[in-house]
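Coordinate inspection notes
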Amino acid sequence: MTDPTTTSGPRPGYRDRPWLASYPPGVPADPEIPTVPLTRLLDDAAAAYPTRVALAFLGATLTYAQLVEQVDRFAAALAGLGVRPGDRVALVLPNCPQNVIAFYATLRLGAIAVEHNPLYTEAEMGHQLADCGAGVAVCLDRTYDVVAAARPGTAVEEVVVTSVTDYLPAKARFALALPRVLPVPALRRRRAAVVAPVPKGAPVRRFRDLLRAAPGRAAQADVDPARDPAVLQYTGGTTGRAKGAVLTHRNLVANAHQCRLWFPQARMGREVTLAVLLLFHAYGLTLCMTTTILLAGTVVLLPRFDLDLLFRAVDEWRPTLFPGAPPMYQAILDAPALHEHDLRSISACISGAMRLPVEVQERFEAVTGGRLVEGYGLTEASPVALANPLVGTRKTGSIGVPIPATLARIVDAEDPSREIDPAGRGELAIAGPQVFGGYWAAGNPSPEAGRLFTDDGYLLTGDIAVMDADGFFTIVDRKKELIIASGFNVYPSEVEDVLLAHLAIVDAAAVGVPDPYRGETVKAFVVPRPGASLTAEEVKAHCAASLTAYKVPTIVEFRTELPHSTIGKVLRRALRDEDARTTSGAAR
């Protein structure tokens, strides 16, 4: 595979780059990306701003000097457990200081961090632990039972357990440790939510004990940033068998620098990022953690999206950057307590995971006085690839333009070697230093592995898109979720846009289901607004007013909620698979 970002001479996708006119002033199209380990970003921040608060967590703080010291001590502890360059260390942690410390400690040793969702089931956890071959797992006490149950059949030899309370201030720890007999229901609920004792005699190591007993501080191992993996980031686990995307140090360093350039007003040592996005997802990892550390800013860690926690963090830390997803911004705007808190410190937000409604964008900007724009990324691109500019021209409804050092083009969905008229619908293909080289265990590739890249090195995203005359791209739909009814293409998002325009509908998804006459037909899953009266016939009539007949749902199923990914995407494939199982069962 060639690297279109380093090839000399004319390059496909560069011959006509209309999006450059929309770049923020002073942002280079082809910036120099340093070839350094990802840990260098942390080391540089600590050298320049040692007393700056690096992490803030529920009242506790760590300065950059303290963070580096704990990273190096925990790296020494991991080395004592046998971790060597190239080994995998599983991290099963929410947003908390231990996650950041263990992540950089793993990279300090030249090992590979493997992030896992703490909410995984035993089967999901078992698959990923076995697939990555991790010898050490670092988990929260509340997830220990799942890790322990998933451990047989894996290479895990050591389990390191920590608790959310390990990094809480003494006063907070005391409150959580108070007897349950106290007549304070809220306190009892809070304690039960964060404290989960590991069974006595369990074969575990304690995170804080390892830190205290660490034999000195580990030095940075030699790594080849361009070749050596830093992270295995699993993707697709909610819609199929999860695959580990191999992200190198250079991939992640590049994306941090690219994102930093997209914030032209960012100030070194002064930015504060509200980290509600989950660090075990590439979106949170890059937008909240690595980009903020590159800026020597403060990462305000929230273990979950909780409006009370969020508003308290806003009051205390006055965040300036708030990457998120539309449902988060919507929930904040709908919160009864919104008027009690001042959000005007927030200057920049990049929204991802799903389409950003215009109403949410306009209302959030009115409340904060900042800029909220839509972007686009995927795990395989570390993840950010395109975004609307935070300064200057933007186009609502689009995913923006390629970020610096990134190329994008539209190719024929059936023949990716053929670039098509950008105004026509085709598959979005991207290239850049943040794009990965493949999935873990490449010796046993998945059936689609041969179609990951074009012959000249562009990653095929699987998203159907168009590009306008100014170079702004708009996602039309997912290639694999295209519905073909009577030979006609139906894009689910087009149907969903119409459904969501109905005042009585708060959430919706459109999928293709088998039909003996059409081949496929459209089925709509609809969540009515609480208290609303809505019938299937009314839904169909509403769609018929805006859609061609073959696009109108022939089946409507009402739900109280729809399945979403951890970053807010409606899981259409999960709905389609569930419908297939139900239909198959009924046919027996």
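Residues numbered from 1 in each chain as written. Predicted model: local features only at pLDDT ≥ 70, side-chain atom pairs only at ≥ 80, totals over all residues. Heavy atoms only, no water.

**So, the sheet that holds strand E16 (residues 407-411)**
Rules: Pairing between two strands requires that DSSP report at least two bridges joining them. The helix count covers DSSP runs of H or I at least four residues long, the strand count covers runs of E at least two residues long, and both are numbered beginning at the N terminus. In this analysis an axis means a line fitted to C-alpha atoms, helices contributing only their contacting stretch, and an angle means the value between N-to-C directions, from 0 to 180 degrees.
Read from one edge of the open sheet, 4 strands run E16-E17-E18-E19, paired in antiparallel fashion. The sheet is open, and its two borders are formed by E16 and strand E19 (473-478), each paired with just one other strand. Within the sheet, the average angular offset between the axes of one strand and its neighbour, ignoring direction, is 50°. Alignment of E16 against strand E17 (residues 426-431), held across 5 bridges, turns out to be antiparallel. Its bridge partner lying in E17, Ala-408 is registered against Ile-430.

**Some remarks on the nonpolar core**
Heads up, the condition is: Remark: nonpolar core denotes a set of buried residues (Ala, Val, Leu, Ile, Met, Phe, Trp, Tyr, Cys) joined through side-chain atoms within 4.5 Å. Summary of the burial criterion: residues with accessible area below 20% of their type's maximum are buried, those above 50% are exposed, and those between are partly exposed, where the area comes from a 1.4 Å probe applied to protein chains only.
Residues Phe-74, Phe-103, Phe-322, Phe-364, Leu-428 and Ile-430 are the most contacted members of the largest nonpolar core, which totals 134 residues. Core analysis: the second largest hydrophobic core is formed by 23 residues, Tyr-120, Met-125, Val-198 and Leu-232 among them.

**Quick look at helix H1 (residues 39-48)**
In an α-helix, one full turn covers 3.6 residues, which means residues spaced three or four apart are oriented alike. Worth spelling out the cut-off: Throughout, the arc means the angular range of directions from the helix axis out to the C-beta atoms. Whether two residues are in contact is decided by their heavy atoms, any of which lying within 4.5 Å being enough.
If you check which residues of H1 are buried, you get Thr-39, Leu-41, Leu-42, Ala-45 and Ala-46. Angular distribution of buried residues about the axis of H1 spans 160°; they occupy a single face of the element. Across H1 from its buried face, at more than 90 degrees, point the exposed residues Ala-47 and Ala-48. Contacts made by the buried residues of H1 are with helix H2 (64-80), helix H3 (97-108), helix H9 (249-261) and helix H10 (282-294).

**Brief notes about the environment of Glu-380**
Along the chain, Glu-380 falls in the loop between strand E13 (371-377) and strand E14 (384-387). Along the sequence, Glu-380 and Val-435 sit 55 residues apart, while their C-alpha atoms lie 6.0 Å from each other. Aside from chain neighbours lying at most four places away, what touches Glu-380 is Thr-235, Leu-247, Gln-434, Val-435, Phe-436, Tyr-439 and Leu-459.

**Description of the pattern of salt bridges**
Heads up, the condition is: For salt bridges, the criterion is a side-chain nitrogen of Lys or Arg within 4 Å of an Asp or Glu carboxyl oxygen.
The full count for this structure, using the stated rule, is 28 salt bridges. Across the salt bridge formed by Asp-209 and Arg-212, the nearest N and O atoms sit 3.1 Å from each other. With Asp-209 and Arg-212 both in helix H8 (residues 207-213) and 3 residues apart, the pair spans about one turn of that helix. Given the relative accessible area of 60%, Arg-212 is considered exposed. The shortest N-O distance in the salt bridge between Asp-579 and Lys-523 comes to 2.5 Å. Separated by 56 residues along the polypeptide, Asp-579 in helix H16 (residues 572-587) and Lys-523 in strand E23 (residues 519-528) bring together distant segments of the chain. Residue class for Asp-579 comes out buried when judged on its relative accessible area of 12%. Connected through salt bridges with shared partners, the residues Lys-523, Glu-557, Arg-559, Glu-578 and Asp-579 form a single ionic network.

**Quick word on the pairing of strand E10 (residues 272-275)**
Remember that side chains alternate between the two faces of the sheet whenever the strand is regular. We count it as follows: Whether a crossover is right-handed depends on one test, that the path from the first strand over the helix to the second runs clockwise when the strands point away from the viewer.
Burial along E10 is two-sided: the residues Val-272 and Leu-274 and Thr-273 and Ala-275 are all buried. With respect to chirality, the unit in which E10 leads through H10 into the neighbouring parallel strand E11 (residues 298-301) is right-handed.

**Considerations on unusual backbone geometry**
In this model, Ser-382 is joined to Pro-383 through a cis peptide bond whose omega is 5°. Within the fold, Pro-383 resides in the loop between E13 and E14. In this model, Ala-296 sits at a positive phi of 55°, which is unusual for a non-glycine residue. Inspection of the secondary structure assignment puts Ala-296 in the loop between H10 and E11. A positive phi angle is found at Ala-405, which is not glycine, with a value near 70°.

**Thoughts on the packing of helix H12 (residues 326-334) against helix H13 (residues 358-368)**
We apply this condition: Oblique is the label for any angle not covered by the other classes, which are roughly parallel (under 35 degrees), roughly antiparallel (over 145) and roughly perpendicular (65 to 115). The crossing is said to be left-handed when, going from far helix to near helix, the turn is anticlockwise and less than a right angle, and right-handed when the turn is clockwise. Following the grouping adopted for this structure description, the nonpolar residues are Ala, Val, Leu, Ile, Met, Phe, Trp, Tyr, Cys and Pro, the charged ones are Asp, Glu, Lys and Arg, and the polar ones are all others, Gly among them.
Where H12 contacts H13, the axes come no closer than 10 Å and their chain directions differ by 55°. Between H12 and H13, the angle falls in the class oblique. Between H12 and H13 lies a crossing whose hand is left-handed. Packed against H12, whose contacting residues are Pro-326, Tyr-329, Gln-330, Ile-332, Leu-333 and Asp-334, the element H13 presents Val-360, Arg-363, Phe-364 and Val-367 at the interface. Of the residues contributing to the contact of H12 with H13, the split by class is 7 nonpolar, 1 polar and 2 charged.

Honestly, that's just the spatial picture; any functional story needs more than this.
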